[in-house]
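Residue-level structure breakdown
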Amino acid sequence: MKLGENILKLRKQNGLSQEQLGDQVGVTRQTISNWELGETAPNPEQLKALSKALNVSIDELLDNEVKEVLMKKVSNTEQLAGMTIKGIRIIGKGFLIYVILVAIALISLFVYALVR
């Protein structure tokens, strides 16, 4: 989606007229109209003001795919954490079995020593 389309969609979602949004951003109604039509584009300072007025990030306003990239990274991190936890559980069970076997061996040696 283009920037102008995003501005129009978000402005309407926020229940703002072009004039109201222009007042919040510090530009005229005509400037908002030009942005929405794609005839001109906001400068970086105006983008910051737009993102605040429309309650979205600049990336979302520009329709950058940052959100999807972050979600993918979080998903990968969660998968890695799950695999790590499984590995720790396996190691923990192995250690527990080792301790039990050592205890059984020590008890067996102690009993053998007593019987002998």
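Residues numbered from 1 in each chain as written. Predicted model: local features only at pLDDT ≥ 70, side-chain atom pairs only at ≥ 80, totals over all residues. Heavy atoms only, no water.

Per an unreviewed UniProt entry, the protein chain goes by the name Helix-turn-helix transcriptional regulator and belongs to Candidatus Coprosoma intestinipullorum.

**A short note on the overall build of the protein chain**
Along the backbone of the protein chain there are six helices and zero strands. Ordered by position in the sequence, the α and β elements of the protein chain form the string α-α-α-α-α-α. By the compact-globule yardstick of 13 Å for 116 residues, the protein chain is too spread out, its C-alpha radius of gyration being 32 Å. Overall, the C-alpha framework of the protein chain stretches about 105 × 20 × 20 Å when taken along its three principal axes. Across the protein chain, every contact between residues at least 6 apart in sequence was considered, and the portion connecting residues at least 24 apart equals 49%. Carbon and sulfur atoms form 63% of the exposed surface of the protein chain, whose accessible area is close to 8800 Å². Averaging the positions of the 14 positive and the 12 negative side-chain charges in the protein chain gives two centres separated by 16 Å. (Helix = DSSP H or I, 4+ residues; strand = E, 2+ residues; numbered from the N terminus. Rg over C-alpha atoms; globule rule 2.2 N^0.38 Å. Contact = heavy atoms within 4.5 Å. Areas by Shrake-Rupley, 256 points an atom, 1.4 Å probe, with all protein chains shown as cover. Lys, Arg positive; Asp, Glu negative; His and termini not counted. Charge placed at Lys NZ, Arg CZ, Asp CG, Glu CD.)

**Digging into the confidence of the model for the protein chain**
Across the protein chain, the average pLDDT comes to 91, with 96% of residues at 70 or higher. Helix α2 (residues 18-25) holds the highest mean pLDDT among the elements of the protein chain, 97, whereas helix α5 (residues 58-61) holds the lowest, 87. (pLDDT = per-residue confidence, 0-100.)

**Quick notes on the side chain of S51**
Locating S51 in the fold gives a position in helix α4 (residues 44-54). Residues within four places of S51 in sequence aside, it is in contact with V56, S57, I58 and L61.

**Section: a nonpolar patch on the surface**
A cluster of nonpolar residues, F95, Y98, V99, V102, L106 and L109, forms a patch on the protein surface that exposes about 610 Å² of accessible area. Turning to its location among the elements, V102 is positioned in helix α6 (residues 66-115). (Patch = residues over 30% accessible without salt bridge, like charges linked within 9 Å, V, L, I, M, F, W, Y side chains within 5 Å. Salt bridge = Lys/Arg side-chain N within 4 Å of Asp/Glu carboxyl O.)

**Observations concerning the pattern of salt bridges**
Under the defined criterion, the tally for this structure stands at two salt bridges. A salt bridge links R11 to E36; the nearest nitrogen and oxygen atoms lie 2.5 Å apart. Pair noted here: R11 is in helix α1 (residues 3-13) and E36 is in helix α3 (residues 29-37), with a separation of 25 residues, a long-range link. R11 sits in the buried class, given a relative accessible area of 8%. On the accessibility criterion, E36 (12% relative accessible area) is buried. (Buried < 20%, exposed > 50% of the residue type's maximum accessible area, 1.4 Å probe, protein only.)

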